[in-house]
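# Residue-level structural notes
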Amino acid sequence: MTDIATIPIGTQGTEPAAKQERSFLSSLGRSAKGLTGLFLIMLVVACALFARQIVPYDHAQQVIEWRYAPTAWQAGGSTRNLLGGDNMGRDIFSRTIMGAQISVQVALIVVSIALVIGSVLGALAGYFGGWIDTLIMRAVDFQLAFPFLLLALIFMAVLGPGFATLVMALSFALWINFARIVRSETMRIRKLDYVDAAITMGVSQLRIIATHVLPNVLPAVLVMATLDIALVIISEASLSFLGLGVQPPTASWGVMIAEGRDFLYDQPWIVIAPGIAVLISSVGINLFGDFLRDYFDPRLERM
Amino acid sequence: MVAASPLLSVGNLTVDYPSRTGLIRAVDGVSFSISAGSVLGVVGESGSGKSSVGFALMGLTDASKAVLGGTITFEGRDMLTLSRSAWRQLRGDRIAMVFQDAMATLNPVMRIGDQIGEVFRWHRPEMSRRAIRAACLELLERVGIKDAGRRIDSYPHQLSGGMRQRVVIAAAIALKPSLLIADEPTTALDVTVQAQILELMQTLCREQGTALILVSHDLDVVSDVCRDVVVMKDGVVVEAGPVDDVLMNPQHAYTQILLKARPGFGSGHMNTGAPHG
Amino acid sequence: MLKLLVSRFFYACVIILGVVLVVSSLVKLVPGDPVDVIAAGNPGMSVADMDRLRERMGLTRSIPEQFASYLGHAVQGDMGTSIRQGVPVTKLIAERLPATAELAFWALVLAFIFAIPLGIATALKRGSWLDYTGTFIAVLGVSTPGFLLAVLMILWFSIELRWLPASGYRGSALLAVGKAVVEGKFSVFWNAFRYFILPAISLAFVLIAVNARVIRSAMLEVLQQDFITFATAKGVPRLRIVLRHALRNALLPVVTLAGLQMGALLSGTVVIETVFAWPGIGRLAVDSIHVRDYPIIQAVVLVSAVLFIVLNLTVDILYRFIDPRVRDD
């Protein structure tokens, strides 16, 4: 265990650390991008958490008089239906708020599954190399030969559309992102002399992964997870829009937009409200993800 | 430096770069002049401001970043008041520059013939494509590139380091400028190639009557090539005069340190660099 | 070079073989078989009829046998028969592939027409309001699902302004170019092309955003290189330096990305074609999933994967011609 061998790790660790004279919170405070992103995310998460408390009506409740009701600020509108009523006489505001719950749920479940599976497989491949690495990376390569959505379509075709299929399909499509990051970082650290030394000294491999590998991959994984959440929200909406994801009458944003498409002329807000909701979520997450990337990887900051 | 007015005279030149804490002065009141066809060395360590002087003479200090002060008079014109387009017409035609790293100086995705030909294209619009190609071929031969007919269509990565620097020189001297500024032209090259490149630049400048400003950290190189030398440290000229005087009788402590750092100092026969002339 | 080509080609073949294997075995996992699907639609079918049909469709053979037979036929261009429509799948795909391909083509054209100037301008005017607008567009681009943009554009340009059609397809615009020139009538081209505008923009928006960012950061890096200084020292005009010296180098990373973006385009067409009632293979796939027409799904996935691999291979080879350094390796 020479000094030279520890230098790469040391510099790797101190590079962001040196910047951390500015702590995470004060960096966040200075970043318009980060603050805006965080605000939008919190807005959506709050809607999801307190959906039942916020909504004035049940999202499936149909009232004949509410059909195509105008929004509160349009002629003839009232605060009864803030964003108007849809083609079936349901309250658009209530449905949009409930949609947040679906989106956040799907995003968290999918990204957690993909993160755990991808990280474990990536760490195995990078740490042990050999046939394990070959096997896992071939699978990754193979999957890269499929466009993302096509892969999801195969799942839908085989298992039939629905919530469970959606979660499976998206998790399956995303695990490779995490596997690739974790693998390359693990390989880099595995080659360092002092890890070799630790192994010869009989330190358990699990412990090496936990103490040396994990802290180093964490920032990259965190950034990837954040950006992937936006990707999942968009994909969920897209697949539900195609009728292949969350099924009606559940109020998913994608479902709402699909349903409202035929009534654009009568009440465009059936589409506009969930549309804005999708945008708020994905813009918020992407802004915050950008901020995280700048924070953890100062080399990219000048861009 | 008597008689007729010099080709270039620099008076009290300052170059300031803005930074977070305010302006940083890279060049602080530098004055010198050079007559037509002569050779001047500018010596100093990295960070001494010598390269900033070279860039200021070319008008290459980014206008949005650097603030210039003092005077630069070239062929009777005040250079600091020139318009952008006047600068453009001068550069590559009357004043040219050779840089340190020829690999980085050449565009990796452009054939070397095109890179030399650009000089003609933008300064001699009357020349036809064919005439430009012929001129480029001739230039490549002049700078000692064998098989010029084939090399003209090569890309930079297909050439050796020495050949790349020859290409850069060819582009620089193409229009027979009256002043050539060479910023560490041999530092990135093998020792054996260094001497050839220096020799080539000297010969070409002599043939064309081009004055040469050689910017270098290497006193050996400068003493081989130049008649006069300016020694810079921390943006200030600490010593100036004929090379022999400065080397034989260094007045300033810094020059003495530079001299001591020379390889082979103290034993007149050990000579790792270029042959003494 | 040739050695590389051959090895890449073989690699592509292995991947394609894998795709066929995975897709067909997944389809075998489905509870019930195509005959059950057909029977569900024809209440008059007896069990004996179903067995006879299974025999005829080769479903009674072992799975490896079925796989080999599918592969053998696929190579000859026979990808089975649609369960619902009773038409050869190859014919269905051949009818619809051109519409998808041309849509993707126009989307790519749009992407570059907008991304290149935007990338250059934001790099040159770094820190200006233009640059911030560029950042805004970039975030919006990666955050907006194509179908949402599509629906919102229909709302605005078709329903409010009545400028462009909300859906449909009136034949190839590329072919119409020739006809328009011959007949001297721009309207011939426009009548086909205007149906492409909204779907192509919907597909291109994310590519514009991403590519403009990539070009911007690549430009910023290239503009600091010594060869840019040298070109200035040669007296080359600024605009020429930006376009000839900097852009060519800055486009290299975009070309490497292009292969992956083909995937995004292929995925995008699935959704966009559904929105605009576009008769392409994407909509064919979605429709087929709803009615469980497996031979079609299998074929669309296979064709898309092959397309994706071939396009990536092409981009890879193209890159070798654009960057002389890689070409000589």
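In the block above lies the structure referred to throughout.
What comes next is a walk through the structure. (Residues numbered from 1 in each chain as written. Chains lettered and ligands numbered in written order. Predicted model: local features only at pLDDT ≥ 70, side-chain atom pairs only at ≥ 80, totals over all residues. Heavy atoms only, no water.)

Now for the nonpolar core. In this structure, Phe 146 and Phe 241 of chain A together with Met 79 and Ile 93 of chain C are the most contacted members of the largest nonpolar core, which totals 142 residues. Per element, the largest residue contribution to this core is 14 residues, and it comes from helix α5 (residues 92-128) of chain A. Setting aside its immediate chain neighbours within four residues, Phe 146 of chain A contacts Leu 151 and Ile 154 of chain A together with Val 19, Val 23, Val 301, Ala 305 and Phe 308 of chain C. Formed by 91 residues, the second largest nonpolar core is a distinct cluster that contains Val 15, Ile 197, Leu 219 and Val 225 of chain B. (Core = buried A, V, L, I, M, F, W, Y, C linked by side-chain atoms within 4.5 Å. Buried < 20%, exposed > 50% of the residue type's maximum accessible area, 1.4 Å probe, protein only. Helix = DSSP H or I, 4+ residues; strand = E, 2+ residues; numbered from the N terminus. Contact = heavy atoms within 4.5 Å.)

All right, on to the interface of chain B and chain C then. Taken residue by residue, the interface counts 29 residues in chain B and 23 residues in chain C. Taken together, the two surfaces of chain B and chain C that pack against each other cover about 2,300 Å², and 61% of this comes from carbon and sulfur. Connecting chain B to chain C are one salt bridge. A salt bridge links Lys 234 of chain C to Glu 118 of chain B; the shortest N-O distance between them is 3.0 Å. Where chain B meets chain C, there are 12 residue pairs in polar contact (both at pLDDT 80 or more). Of all the secondary structure elements, the ones that give two or more residues to the side of chain B that touches chain C are α1 (50-58), α2 (84-90), β6 (95-98), α3 (102-105), α4 (112-123) and α7 (161-173) of chain B. The biggest single contributor to the side of chain B that touches chain C is α4 of chain B, with seven residues. Tallied by class, the residues present in the side of chain B that touches chain C amount to 16 nonpolar, seven polar and six charged. (Buried area = accessible area lost by both parts, 1.4 Å probe. Salt bridge = Lys/Arg side-chain N within 4 Å of Asp/Glu carboxyl O. Polar contact = N/O pair within 3.5 Å; in protein donor to acceptor, adjacent residues only side chain to side chain. Nonpolar A, V, L, I, M, F, W, Y, C, P; charged D, E, K, R; others polar.)

All names here are of chain B. Taken across its five residues, strand β3 (residues 39-43) has five buried, putting it largely inside the fold. Where β3 meets strand β8 (residues 211-216), five bridges bridge the pair, whose relative direction is parallel. For Val 42, the partnering residue across the bridge sits in β8 and is Val 215. Bridge count for β3 against strand β9 (residues 228-233) is four bridges, and the pairing is parallel. Its bridge partner lying in β9, Val 43 is registered against Val 231. (Pairing = 2+ DSSP bridges.)

Throughout the structure, instances matching the rule amount to 25 salt bridges over all chains. The partner of Arg 216 of chain C in a salt bridge is Asp 131 of chain C, with the nearest N and O atoms 2.9 Å apart. In this pair, Arg 216 of chain C is assigned in helix α9 (residues 186-223) and Asp 131 of chain C in helix α6 (residues 129-143), connecting sequence segments 85 residues apart. For the pair Arg 216 of chain C and Asp 131 of chain C, one class covers both residues: buried. Within the structure, one salt-bridge network assembled from shared partners comprises Asp 86, Arg 90, Arg 95 and Glu 259 of chain A.

All names here are of chain B. Strands sit in the order β6-β7-β8-β3-β9-β10 across an open sheet of six strands; the sheet is mixed. Each having just a single partner strand, β6 and β10 (236-242) make up the two edges of the open sheet. If you compare each strand with its neighbour and ignore which way they point, the axes differ by 15 degrees on average. Where β6 meets strand β7 (residues 179-183), four bridges bridge the pair, whose relative direction is parallel. By the bridge assignment, Ile 95 is partnered in β7 with Leu 179. Set on the sheet, α7 makes contact with β6 and β7; between it and β6 the angle comes to about 175 degrees. (Axes fitted to C-alpha atoms, helices over the stretch in contact; angles between N-to-C directions.)

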